[in-house]
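Okay, here's what each chain looks like letter by letter:
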Amino acid sequence: MDRLLKIGITCYPSLGGSGVVATELGKLLAEKGHEVHFITHSIPFRLGTFQKNIFYHEVEVNDYYVFRYPPYDLALANKMAQVAKMQNLDILHVHYAVPHAVCAFLAKQMLNNDMKVVTTLHGTDITVLGQDESLKDLIRLGINESDAVTAVSQDLIKETRKVLDITRDIDLTYNFVDKRVYYPRDVTDLRGDFAKPDEKILMHISNFRPVKRVGDVVDVFARVSQKIPSKLLLVGEGPDLPKIQAKISEMGLEDKVRFLGKQDEIAQVISLADLLLLPSEKESFGLVALEAMACGVPTIGSQAGGIPELIQHGKTGFLAPIGDTKTMAEYAVKLLSNEVMIEEFRAACLHRACEDFCNNTITDQYESIYYRVLDRK
Ligand code: GMT
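Residues numbered from 1 in each chain as written. Predicted model: local features only at pLDDT ≥ 70, side-chain atom pairs only at ≥ 80, totals over all residues.

The name given to the chain in an unreviewed UniProt entry is N-acetyl-alpha-D-glucosaminyl L-malate synthase BshA, and the organism recorded there is Paenibacillus agri.

Written out as structure tokens, the structure is:
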């Protein structure tokens with residue numbers, strides 16, 4: 001067995017998929033015996049209860065009156081260096097190039113040891129911030145100075161090369177789900193609270209940012225509900241929520257749509273659904289579709305970013321061009337009106353989530369990247 005490591009992890013502790021992946025990875029590494037140190041501004045929301053081998057170091061920012069903007073990035077870099085020195089970290093694994101990879105680079109300059117930096121790209125740092133001329137060179141620096149860089153889809157690797165003109169190696173490490181948590185839950189009792197026995201449940205879960213195109217979710221549902229008795233459950237909160245609420249009223253769909261707000265027990269919530277809708281404009285991976293897949297729920301989505309690497313069109317869901325709500329609705333009707341097909345899709349979802357995106361496989365991939373950079377002289 002390879003030696004056990006001391007690993008620092010920095011992520012956005014309260015942010016969607018990237019925070020979930022970083023935290024779950026840390027927990028799994030700790031279970032394998034590695035010592036994991038989270039270095040973040042608040043406790044990662046999925047960290048849960050006390051667990052052996054996990055430590056948390058809070059980044060505090062002093063708000064001196066001379067600063068117009070409190071320097072979080074500098075405080076983070078300093079904390080990274082302090083923790084690395086005190087704990088003798090082997091690896092600092094940062095999620096997101098800005099500011100985390102840049103802070104890690106700075107921290108490394110402050111140290112006099114062999115600590116290695118691994119950066120995982122999640123999407124927004126490339127597809128949105130990478131276009132910003134005021135940040136582009138800095139993002140490129142963070143990526144090029146990392147000892148290893150990983151990205152969550154082939155599409156994101158391609159985008160990173162294109163947008164930032166990056167030529168270095170980038171490892172592909174897909175997002176994963178913990179199969180001990182994500183499996184079809186028995187929600188028979190709960191289901192009755194949301195839909196009648198003959199109704200289907202369509203679901204959308206996101207942070208309601210414009211990039212998620214939640215308006216398309218409503219348009220797809222409006223078409224589907226004309227053909228199939230159904231309900232739409234919207235899970236999450238975000239900037240587009242008021243607009244979506246207004247749209248639902250204008251379309252007279254209030255009786256068919258329920259807002260569940262933010263939810264923690266995602267496996268339980270997803271298990272209520274017959275279908276997940278993910279019509280995003282951009283999506284480097286689409287973790288929620290994987291969470292649904294692991295609970296046996298197929299996705300109807302857009303062909304954006306990494307979604308086609310996750311959802312196999314005609315097997316574990318259906319994909320259509322971004323904004324093509326008519327086609328998405330046709331696929332949804334086709335699936336929901338054919339019980340045999342639904343069962344086949346459910347089985348294919350469970351199989352694929354377990355085989356290709358299982359926690360053990362992806363954790364092993366990250367581990368071997370750590371050992372590879374540590375062995376490199
Ligand atoms: O999609 C978001 O708004 C949240 C964002 C994040 O940082 O959590 O998600 C990104 O990272 C996830 C984890 O790797 C991916 O599953 C999402 O596809 C990606 N979002 C985008 O690319 C828009």
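There is more to say, and it comes next.
A. Region of interest: the site of the ligand. In the region of the ligand, 21 residues are neighbours, and Gly16, Gly17, Ser18, Gly123 and Ser284 sit closest. Among the secondary structure elements, those contributing two or more residues to the shell around the ligand are helix H1 (16–31) and helix H4 (124–127). Of the residues forming the shell around the ligand, the biggest block, 4 residues, is contributed by H1. Of the residues assigned to the shell around the ligand, the class counts are 6 nonpolar, 12 polar and 3 charged. (Near = placed C-beta within 6 Å. Helix = DSSP H or I, 4+ residues; strand = E, 2+ residues; numbered from the N terminus. Nonpolar A, V, L, I, M, F, W, Y, C, P; charged D, E, K, R; others polar.)

B. Broad picture of the UniProt feature "domain: Glycosyltransferase subfamily 4-like N-terminal" (unreviewed entry) in the chain. According to UniProt, the positions carrying the feature "domain: Glycosyltransferase subfamily 4-like N-terminal" (unreviewed entry) are residues 16–178. Within residues 16–178, the helical portion is 44% and the strand portion 17%, while the C-alpha atoms at the span's ends are 16 Å from each other. (UniProt positions renumbered as here; feature names shortened; annotations may be inferred.)

C. Highlighting the sheet that holds strand E1 (residues 6–10). Sheet architecture is open: 7 strands sit in the order E3-E2-E1-E4-E5-E6-E7, paired in parallel fashion. One side of each edge strand has no neighbouring strand; the edge strands of this open sheet are strand E3 (54–58) and strand E7 (171–172). Bridge analysis of strand E2 (residues 35–40) against E3 gives 5 bridges, and the strand direction is parallel. Within E3, the position partnered with Ile39 by the bridge is His57. Lying over the sheet, H1 contacts E1, E2, E3 and strand E4 (91–95), oriented at roughly 155° with respect to E2. On the sheet, helix H15 (residues 359–375) packs against E4, strand E5 (116–121), strand E6 (148–151) and E7 and is oriented at approximately 140° with respect to E5. (Pairing = 2+ DSSP bridges. Contact = placed C-beta atoms within 7 Å. Axes fitted to C-alpha atoms, helices over the stretch in contact; angles between N-to-C directions.)

D. Summary view of the confidence of the model for the chain. The share of residues in the chain with pLDDT of 70 or more is 99%, and the mean pLDDT across the chain is 94. Confidence metrics for the complex model read pTM 0.95 and ipTM 0.98. (pLDDT = per-residue confidence, 0-100.)

E. View of the sheet that holds strand E12 (residues 299–302). The 6 strands are arranged E10-E9-E8-E11-E12-E13 in an open sheet whose pairing can be described as parallel. Among the strands making up the open sheet, the edge pair consists of strand E10 (257–261) and strand E13 (317–320). Taken pair by pair, the neighbouring strands of this sheet meet at an average axis angle of 20°, ignoring direction. Sheet topology places strand E8 (residues 200–205) next to strand E11 (residues 275–278); 2 bridges connect them, and they run parallel. If you follow Leu202 over to E11, its bridge partner there is Leu275. Here helix H8 (residues 214–227) sits on the sheet and contacts E8, strand E9 (230–235) and E11; the angle it forms with E8, its principal contact strand, is near 175°. Across the sheet, helix H11 (residues 287–294) lies against E8, E11 and E12, angled at about 170° from E11, the strand it touches most.

F. Molecular detail of the pairing of E11. Of the two faces of E11, the one holding Leu275 and Leu277 and the one holding Leu276 and Leu278 are both buried throughout. Note: E11 against E12, 3 bridges, orientation parallel. Each bridged residue has a counterpart across the sheet, and for Leu278 the counterpart in E12 is Gly301. Note that the unit made of E11, H11 and E12 has a crossover that is right-handed. (Buried ≥ 20, exposed ≤ 12 C-beta atoms within 10 Å, placed from the backbone. Right-handed = clockwise from strand over helix to strand, strands pointing away.)

G. View of the UniProt feature "domain: Glycosyl transferase family" (unreviewed entry) in the chain. Within this structure's numbering, the places UniProt gives as "domain: Glycosyl transferase family" (unreviewed entry) are residues 194–345. Annotated as 39% helix and 19% strand, the span residues 194–345 places its first and last C-alpha atoms 23 Å apart.

H. Spatial organisation of H8. Counted at 1.5 Å a residue, the expected span for H8 with its 14 residues is 20 Å, and the 21 Å between its end C-alpha atoms agrees. Those residues of H8 that sit buried are Val214, Asp216, Val217, Val218, Val220, Phe221 and Val224. Packing partners of the buried residues in H8 comprise E8, E9, helix H9 (241–250), E11 and helix H13 (325–336). (Expected span 1.5 Å × (residues − 1).)

I. Just the packing of helix H2 (residues 72–87) against helix H3 (residues 97–110), in detail. Where H2 meets H3, the closest approach of the two axes is 8 Å, and the angle between their N-to-C directions is 50°. Taken together, H2 and H3 sit at an angle that is classed as oblique. The handedness of the crossing between H2 and H3 comes out as right-handed. Every residue of H3 that contacts H2 at Asp73, Leu76, Ala77, Met80, Ala81 and Ala84 is listed here: Pro99, Cys103, Ala104, Leu106, Ala107 and Met110. Looking at the contact of H2 with H3, its residues break down into 11 nonpolar, no polar and 1 charged. (Parallel < 35°, antiparallel > 145°, perpendicular 65-115°, else oblique. Left-handed = near helix turned anticlockwise from the far one by under 90°.)

J. Quick look at the domain arrangement of the chain. The domain architecture assigned to the chain consists of domain 1 (6–176 + 358–375) and domain 2 (188–356). Taking only C-alpha atoms, the centre of domain 1 and the centre of domain 2 are 30 Å apart. Counting from both sides, the interface comprises 15 residues of domain 1 and, opposite them, 11 residues of domain 2. Per-element tally for the side of domain 1 that touches domain 2: the top contributor is H1, with 4 residues. Classifying every residue of the side of domain 1 that touches domain 2 gives 6 nonpolar, 8 polar and 1 charged. (Domains from an automatic or database assignment.)

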